[in-house]
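# Coordinates in review
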Amino acid sequence: MTFSVPDFRRKWSCRGYMSVGAAMVTAALGLLLVPVERAEARKHASPLDIFGITAPRPRAKVHSVKIPLPRPRPDEAPKTSDESPPEAEGKPSADQPSADKPAEATSPPQKQASACRLALTEDIAIAPSIPDIRGPGACGGEDLVRLEAVVLPDKRKVTVKPAAILRCTMASAIADWLRKDMVPLATSLGSPISDLDNFDSFECRGRNRVAGALLSEHGKANAIDIRAIKLANGQSIGLTDRTLSRDVRERVLHSVCARFSTVLGPGSDWYHEDHVHLDLAQRRNDYRICQWNVWDPLPQVAPLLPAERPEEAPPREVAAKPEAKEGADDEPAEKSSSPEEKSLPAKKSQSSKQATKKRR
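Only a predicted model underlies this, so the values are computations on that prediction, with no experimental measurement involved.

Here is what the cut-offs are and how they apply
Residues numbered from 1 in each chain as written. Predicted model: local features only at pLDDT ≥ 70, side-chain atom pairs only at ≥ 80, totals over all residues. Heavy atoms only, no water. Disulfide = S-S within 2.5 Å. Helix = DSSP H or I, 4+ residues; strand = E, 2+ residues; numbered from the N terminus. Buried < 20%, exposed > 50% of the residue type's maximum accessible area, 1.4 Å probe, protein only. Expected span 1.5 Å × (residues − 1). Contact = heavy atoms within 4.5 Å. Patch = residues over 30% accessible without salt bridge, like charges linked within 9 Å, V, L, I, M, F, W, Y side chains within 5 Å. Areas by Shrake-Rupley, 256 points an atom, 1.4 Å probe, with all protein chains shown as cover. Salt bridge = Lys/Arg side-chain N within 4 Å of Asp/Glu carboxyl O. Polar contact = N/O pair within 3.5 Å; in protein donor to acceptor, adjacent residues only side chain to side chain.

### What to know about the state of the cysteines
One covalent bond between the sulfur atoms of two cysteine residues makes up a disulfide. With the rule as written, the count across this model stands at three disulfides. Covalent S-S linkage joins Cys139 and Cys204, the inter-sulfur distance amounting to 1.9 Å. Every disulfide takes its handedness from the sign of the S-S torsion; for Cys139 and Cys204 that torsion is 85°, giving right-handed. Of this pair, Cys139 sits in the loop between β3 (133-134) and β4 (140-141) while Cys204 sits in the loop between β7 (193-200) and β8 (223-231), and the two are 65 residues apart along the sequence. Assessed through its relative accessible area of 8%, Cys139 is described here as buried. Taking the relative accessible area as the measure of exposure, Cys204 reaches 38% and is therefore partly exposed. Paired by a disulfide, Cys257 and Cys290 hold their sulfur atoms 1.8 Å apart. An S-S torsion of about 45° defines the bridge between Cys257 and Cys290 as right-handed. Pair noted here: Cys257 is in helix α5 (residues 246-259) and Cys290 is in strand β12 (residues 289-291), with a separation of 33 residues, a long-range link. Judged by relative accessible area, Cys290 falls into the partly exposed class, the value being 42%.

In structure tokens form, the structure reads like this:
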């Protein structure tokens, strides 16, 4: 198809008017096509438009959805106990972290008290709880207290000097022993108890402080060493004092051996000659150890000279001979024999008899 000016003039007879009308139609079509091109350009962003200069994309319309609200609480309904008071609303609790109190600074949850801790009240003993001890090796323990004093049934206090760090069960056993066994003993002596001499309690060490030995019950806060029990009148009941009445020391011996699983005193070893060791060590079949010799009192005046030999005692020469214990028939035979009749084989036979007696 060819196009020429003569043909155009032949088809459009109104030359000036038709050319103006065609231009107007063309301009109108151009104006209609421009918004469509811009909309297409918005859908597909230019790869070079890294700064977002072009017009932003149109956002989708947000349709609001009506959410049903809960019904109002009736007036006759009971009030719940967990509702916080109006003045406390908006305030953070002590356990929950807040803006000025971060989560790391919150206090750890408190450990639940044991049955022994609940039973050991201030009416029985002044024994505040202390944190658990984690020492080297197996030293230390849990549920520990610092036994400062024992409260007697008449509200008197027996001060523990110095204060002993013990497990709660051990401290409770010491308190029961003083309250139930030592109070009657002190009453018989005419004065109440005032102090308890604590020689040693918790100490991370081996048995008898020997290097490399097994861990002592002192290292587990399960033992105490006691030297004496002091009375209010100034008298002291020394547990290893030989000048004290034997009956008093034996009463203490029977009481501690009935209450504690281990009792070591004089006679057990030379480590416990001046004090008594008490602990609650757990052994198989509830095995107990009670080693404490109650020595007799020493003589007040030592004899200066040996006692005289009694008249009925045999002569020293005869008593020194081993043949004196043999029958009486042998003695005259030995006296009648002369020195010449004694021979060497007889001496050998006597020496062999003595050797056989020693081996028996």
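### Quick look at α5
Compared with an ideal rise of 1.5 Å per residue, which puts 14 residues at 20 Å, α5 spans 20 Å between its outermost C-alpha atoms and is within 8% of the ideal. Where α5 is buried, its residues contact α4 (168-189), β9 (236-238), β10 (262-264), β11 (276-279) and β12.

### Remarks on a nonpolar patch on the surface
Taken together, the side chains of Val210, Trp270 and Tyr271 make up a nonpolar region of the molecular surface, amounting to roughly 330 Å² of accessible area. Among the secondary structure elements, Tyr271 is positioned in the loop between β10 and β11. Residue class for Tyr271 comes out partly exposed when judged on its relative accessible area of 31%.

### Some details on the environment of His275
Within the secondary structure, His275 is located in the loop between β10 and β11. Distance in space between the C-alpha atoms of His275 and Ile226 is 5.7 Å, their sequence separation being 49 residues. If near-sequence neighbours (up to four positions away) are discounted, His275 is found in contact with Phe199, Asp225, Ile226, Arg227, Thr240, Leu264, Gly265 and Pro266. Polar contacts involving the side chain of His275 include one to the side chain of Asp274, which spans 2.9 Å.

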